[in-house]
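Working through the structure, step by step
Okay, here's what each chain looks like letter by letter:
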Amino acid sequence: MANKGLVYEGCNFFRQRLVLSLLSGKKVAIQNIRSKDDNPGLRDFEASFIRLMDKITNGTRIEINQTGTVLSFQPGLLYGGSVEHECNPQRSVGYYLEALLMLAPFMKSPLRAVLKGVTNDQIDPSVDALKASSVPLMKKFGLDGEGLELKIVKRGMPPGGGGEVHFSCPVRRTIRPVQLTDPGKIKRIRGTAYSVRVSPQMANRIVDSARSILNKFIPDIYIYTDHMKGANAGKSPGFGLTLVAETTNGAFLCAELVSSPQGQGDPVLPEDLGRNCAKLLLGEIYRGGCVDSTNQSLSLLYMTLGQQDVSKALLGPLSPYTIEFLRHIRDFFQIMFKMETQKHAEDSQKGGDKVLMTCVGAGYTNISKTLK
């Protein structure tokens, strides 16, 4: 079994498999990638993702058959260092960044990545959302210090892109176990309304409409407007809103919406976008938990790789992506989570049903980290 590694079918959960392969050192083969499709094989954005994985590692062996329907991935050492990558504009930088957030703490030398491409789109978590919710979550696992930073230098909207993001992260020898069991109450809402290559007034209209809903809920709201001009505005027009609710115990729940790409889909009014995003945030708060739905898999991964001690996290209902991620964790690390549902039927104050996830960490140590 050792030499064969794990075998999967199809193109779904592609990033999960490669990320866990790199962390566990287990070889992965993925077969039948869109083999029934008119246009079979890996997409350009997936090929771009593989190239990025190759850049941050040393000795990774990748074989792809001619049609691109079979991928064999033999993981190398996570190396890190300074990396620059032109992300494929079919997916936003968030698609690539999510994987880097999972891998960065385990590099040999601290990662400093410059990613170029689309910063905000309608498919993947935007860089704003990752900055507002993933970075604070990483700090809870002991990944803090000056080195941890996510900065949007230029914004790029689809289809043209042209954005630029800088991400740096310190390395850690071990990850500390967490007890994230009480989310606390919402104490404030922050947000960023951004607009590029449209009237700066758009952002103000978004803010007013979002506040019209959120003001009924909590007084402490501040939504920044971010209007980038000239070279920093990327190549395509667009606008959007990222909202994040912070609780008294330091949980961050995030929601976001982005306007339709130029020339695609129905045009969106900034008023509607602001209101709908505010409603999405209230939905995320209702689902609740100590980690929002975007970051469920990130928190579960860090819990899996933590020291050999019990970690607990209270999550809202698990997303389909998270459920598949748990299966993959079982495959790669032989770690199972204990899941307890917590019902709040009598008390509607607490929102939706929650799941308490408990596991004992694998005691993963970063062997390649050079000791100072």
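Here, every reference points to the structure presented above.
My aim in this report is to walk through the structure given alongside it, one point at a time. It should be emphasised that the depicted structure is a prediction, and the values quoted were computed from it without experimental measurement.

1. Re the packing of aromatic side chains
Both the distance between ring centres and the angle between the ring planes are used here to describe each pair of aromatic rings. Across all of its chains, the model carries 11 aromatic pairs by this definition. Residues Phe106 and Tyr364 carry aromatic rings whose centres are separated by 5.2 Å and whose planes lie at 85° to one another, so their mutual orientation is edge-to-face. You can see Phe106 sitting in the loop between α3 (93-103) and β8 (109-117) and its partner Tyr364 sitting in the segment after β18 (354-360), a full 258 residues away along the chain. For the pair Tyr222 and Tyr224, a centre-to-centre distance of 4.8 Å together with 70° between the ring planes defines the contact as edge-to-face. Here Tyr222 falls in the partly exposed class, since its relative accessible area comes to 45%. Through a chain of ring-to-ring contacts, the aromatic side chains of Phe14, Phe45, Phe49, Tyr95 and Tyr96 assemble into a single cluster.

2. A word on the pairing of strand β16 (residues 310-315)
Bridge count for strand β11 (residues 179-180) against β16 is two bridges, and the pairing is parallel. In the strand pairing of β16, Leu180 is matched with Ala313. Across six bridges, the pairing between β16 and β18 is antiparallel. Residue pairing across strands places Ser311 opposite Cys359, the latter belonging to β18.

3. Let's talk about the sheet that holds strand β1 (residues 6-9)
One open sheet holds the four strands; their spatial order is β1-β2-β5-β4, and the pairing between them is mixed. In this open sheet, the two strands that pair with only one neighbour each are β1 and β4 (61-64). Adjacent strand axes in the sheet meet at a mean angle of 15° when their direction is disregarded. Packed on one face of the sheet, helix α8 (residues 320-333) meets β1 and β2 (28-31) and runs near 155° to β1.

4. Notes on the packing of helix α2 (residues 44-56) against α3
For the pair α2 and α3, the least separation of the axes is 10 Å and the interaxial angle reads 30°. By the angle between their axes, α2 is roughly parallel relative to α3. Every pair of crossing elements has a handedness; the one defined by α2 and α3 is right-handed. Contacts from Phe45, Glu46, Ser48, Phe49, Leu52, Met53 and Ile56 of α2 reach α3 at Tyr95, Tyr96, Ala99, Leu100 and Leu103. Split by residue class, the contact of α2 with α3 holds 10 nonpolar, one polar and one charged.

5. Here's the deal with the environment of Pro177
Residue position: Pro177 is located in the loop between β10 (163-169) and β11. Look at Pro177 and you get partly exposed, because its relative accessible area is 23%. For the pair Pro177 and Lys140, spaced 37 residues apart in sequence, the C-alpha separation works out to 9.1 Å. Look past the residues within four positions of Pro177 in its chain and what remains in contact with it is Gln307, Asp309, Val310 and Ser311.

6. Here's the deal with helix α1 (residues 14-24)
Counting buried positions along α1 gives 10 out of 11 residues, so the element sits mostly inside the fold. Taken together, the buried positions of α1 are Phe14, Arg15, Gln16, Arg17, Leu18, Val19, Leu20, Ser21, Leu22 and Leu23.

Thresholds applied
- Residues numbered from 1 in each chain as written.
- Predicted model: local features only at pLDDT ≥ 70, side-chain atom pairs only at ≥ 80, totals over all residues.
- Heavy atoms only, no water.
- Phe/Tyr/Trp six-rings, centres within 6.5 Å; stacked < 30°, edge-to-face > 60°.
- Helix = DSSP H or I, 4+ residues; strand = E, 2+ residues; numbered from the N terminus.
- Buried < 20%, exposed > 50% of the residue type's maximum accessible area, 1.4 Å probe, protein only.
- Pairing = 2+ DSSP bridges.
- Axes fitted to C-alpha atoms, helices over the stretch in contact; angles between N-to-C directions.
- Contact = heavy atoms within 4.5 Å.
- Parallel < 35°, antiparallel > 145°, perpendicular 65-115°, else oblique.
- Left-handed = near helix turned anticlockwise from the far one by under 90°.
- Nonpolar A, V, L, I, M, F, W, Y, C, P; charged D, E, K, R; others polar.

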